[in-house]
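Below, each chain spelled out in residue letters.
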Amino acid sequence: MEEKISEISRLKDLAVSEIQSATNAKELDEVRVKYLGKKGELTSILRSMGSLAPEERPVIGGKVNEARDELEVLIKSGEEKFAKQELERKLKEETIDITLPSTKVKRGSKHPLNRIIEEVEDLFVSMGYDVVAGPELETDEYCFERLNLPKGHPARDMQDSFYITSEYLLRTQTSAVQARAMMDNEEKAPIRIICPGKTYRRDDDATHSHQFSQVEGLVIDKNISLADLKGTLEVFVRKMLGENLQLRFRPSYFPFTEPSYEVDVSCFKCGGKGCNLCKQTGWIEVLGSGIVHPNVLKMNGYNPDKYTGFAFGTGLDRLAMFKYGITDIRLLYQNDVRFLSQFDRLDR
Ligand code: DAH
């Protein structure tokens, strides 16, 4: 009996010292299993109680339980200590220094040309126009013939072009969409459209790119006159380039309009006094326009005795260049982020 009691106290002392020297939760649990687990050393004394005399059993049982309770308290506080240490380690490891500068998230910005296109579309839609599109790979018929430019017409020379076959070419002007809009309109009803889009010519210098962008406008109705054209273009140009600008209509020639005009705007840089932008003339050419040629109406199914119309076309690249002070048209097509990212300021 004495022997058993001292065995219990020896095991308990051993367990206490092992608990104290455990350095982490795993080691601590190993100690628990070793002494208090199902096959643990203290547990096995309880198991062997059968071999003891009946009067010894409560004494020994009591001693074992006492020792177990004491060890359990120590183990529990050890576990708590390790859990706390672990939590502190994690908190420290995962600390976020909110005073550090953040990594900059780069945001894209709207391309200057798209800005111009959206502005033009908004303006004309507000005046009741439809925005239409046409194919960039166009036929000779729509790009030229239906616009009063038969094969061999000298005005074709102005638009040195990318032919794919003898019939198909990359459209040199959005004017091709005029003919499409007229032909598509089966009832031959009034038309009021604009068509912004890509166009192509054999050009490549600071002010000309082999691919550029135009917007075309076409209005067909009864009693459309030059006054309507002038009023419309005035609203258009002033909205895009400046409210106080003056317009000048210079007689010109386009095969699909008669009369035809090139439209100049008073220089928005110098106010008309003369500078390098307007080449000292005080005026900058911005548009081609005119009254739709009766042949064009006829060729596309409209009765010229009943209907008249006006049309205009302008380069969107030039508008963007004027508006944003861009000096080389090719910048608009090179997708250089150093250039494009300058426009994100306009969104802020
Ligand atoms: N298509 C012409 C060009 O590219 C511009 C133009 C002139 C369009 C007169 C028109 C117009 O609609 O009436 O140079």
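Residues numbered from 1 in each chain as written. Predicted model: local features only at pLDDT ≥ 70, side-chain atom pairs only at ≥ 80, totals over all residues. Heavy atoms only, no water.

J.: Any chance you could explain the overall build of the chain here in plain terms?
T.: When helices and strands are tallied, the chain shows 11 helices and nine strands. Since a compact globule built from 348 residues should have a radius of gyration of about 20 Å, the 44 Å found for the chain marks it as more spread out than a globular shape. Based on the C-alpha atoms only, the size of the chain along its principal axes is roughly 130 × 50 × 35 Å. When burial is assessed residue by residue, the chain has 43% of its 348 residues classed as buried. (Helix = DSSP H or I, 4+ residues; strand = E, 2+ residues; numbered from the N terminus. Rg over C-alpha atoms; globule rule 2.2 N^0.38 Å. Buried < 20%, exposed > 50% of the residue type's maximum accessible area, 1.4 Å probe, protein only.)

J.: Any chance you could explain the sheet that holds strand β1 (residues 130–131) here in plain terms?
T.: Adjacent strands of a sheet form backbone hydrogen bonds with each other and so pair up, either parallel or antiparallel. Strand order in this open sheet of seven strands is β1-β4-β5-β9-β8-β7-β6, and the pairing throughout is mixed. Edge positions in the sheet fall to β1 and β6 (247–254), since each of these pairs with one other strand and no more. Note: strand β7 (residues 257–266) against strand β8 (residues 283–292), eight bridges, orientation antiparallel. Bridge pairing links Val263 to Leu287 in β8. With respect to the sheet, helix α5 (residues 112–126) is in contact with β1, β4 (191–200), β5 (211–221) and β9 (308–315), its orientation differing from that of β4 by roughly 170°. Strands in contact with helix α8 (residues 226–241) are β5, β6, β7, β8 and β9; relative to β8, the strand with the most contacts, it is inclined by about 145°. (Pairing = 2+ DSSP bridges. Contact = heavy atoms within 4.5 Å. Axes fitted to C-alpha atoms, helices over the stretch in contact; angles between N-to-C directions.)

J.: I would appreciate a short explanation of the side chain of Ser209 in the present structure.
T.: The topology assignment puts Ser209 in the loop between β4 and β5. Within polar-contact distance, the side chain of Ser209 engages the backbone oxygen of Gln211 at 2.5 Å. (Polar contact = N/O pair within 3.5 Å; in protein donor to acceptor, adjacent residues only side chain to side chain.)

J.: What's the story with the environment of Glu119 in this structure? I'm lost.
T.: Inspection of the secondary structure assignment puts Glu119 in helix α5. Put simply, Glu119 and Met240 are 121 residues apart on the chain and 7.9 Å apart in space, counted from C-alpha to C-alpha. In terms of polar contacts, Glu119 uses its side chain to reach the side chain of Lys323, at 2.9 Å.

J.: Please explain the site of the ligand as it appears in this structure.
T.: Around the ligand, the surrounding shell holds 15 residues, and the nearest of these are Gln173, Ser175, Arg201, Gln214 and Glu216. Between a nitrogen atom of the ligand and a side-chain N or O atom of Ser175, the distance comes to 2.9 Å. Within the side chain of Glu216, one N or O atom sits 2.5 Å away from an oxygen atom of the ligand. For the shell around the ligand, the elements supplying multiple residues, two or more each, are β5, β8 and β9. (Near = heavy atom within 4 Å.)

J.: Before we go on, may I ask you to explain the packing of α8 against helix α10 (residues 316–324) in this structure?
T.: When two helices pack together, their arrangement is given by the angle between their axes and by how far apart the axes lie. The contact between α8 and α10 brings their axes to 10 Å, and the two run at 45°. In terms of orientation, α8 and α10 fall into the oblique class. Contact residues: Phe236, Lys239, Met240 and Leu241 in α8; Leu319, Phe322 and Lys323 in α10. (Parallel < 35°, antiparallel > 145°, perpendicular 65-115°, else oblique.)

J.: Could you clarify how one ought to interpret the nonpolar core in this entry?
T.: The nonpolar side chains of a soluble globular protein tend to be buried, and buried together. Counting residues in hydrophobic clusters, the biggest one holds 45 residues, and the most contacted among them are Val120, Leu233, Phe236 and Leu241. Not counting residues within four places of it along the chain, the set of residues in contact with Phe236 comprises Val120, Leu123, Phe124, Val215, Leu287, Phe312, Thr314 and Leu319. Within the second largest apolar cluster, 25 residues are counted, among which are Ala179, Ile193, Phe256 and Tyr302. (Core = buried A, V, L, I, M, F, W, Y, C linked by side-chain atoms within 4.5 Å.)

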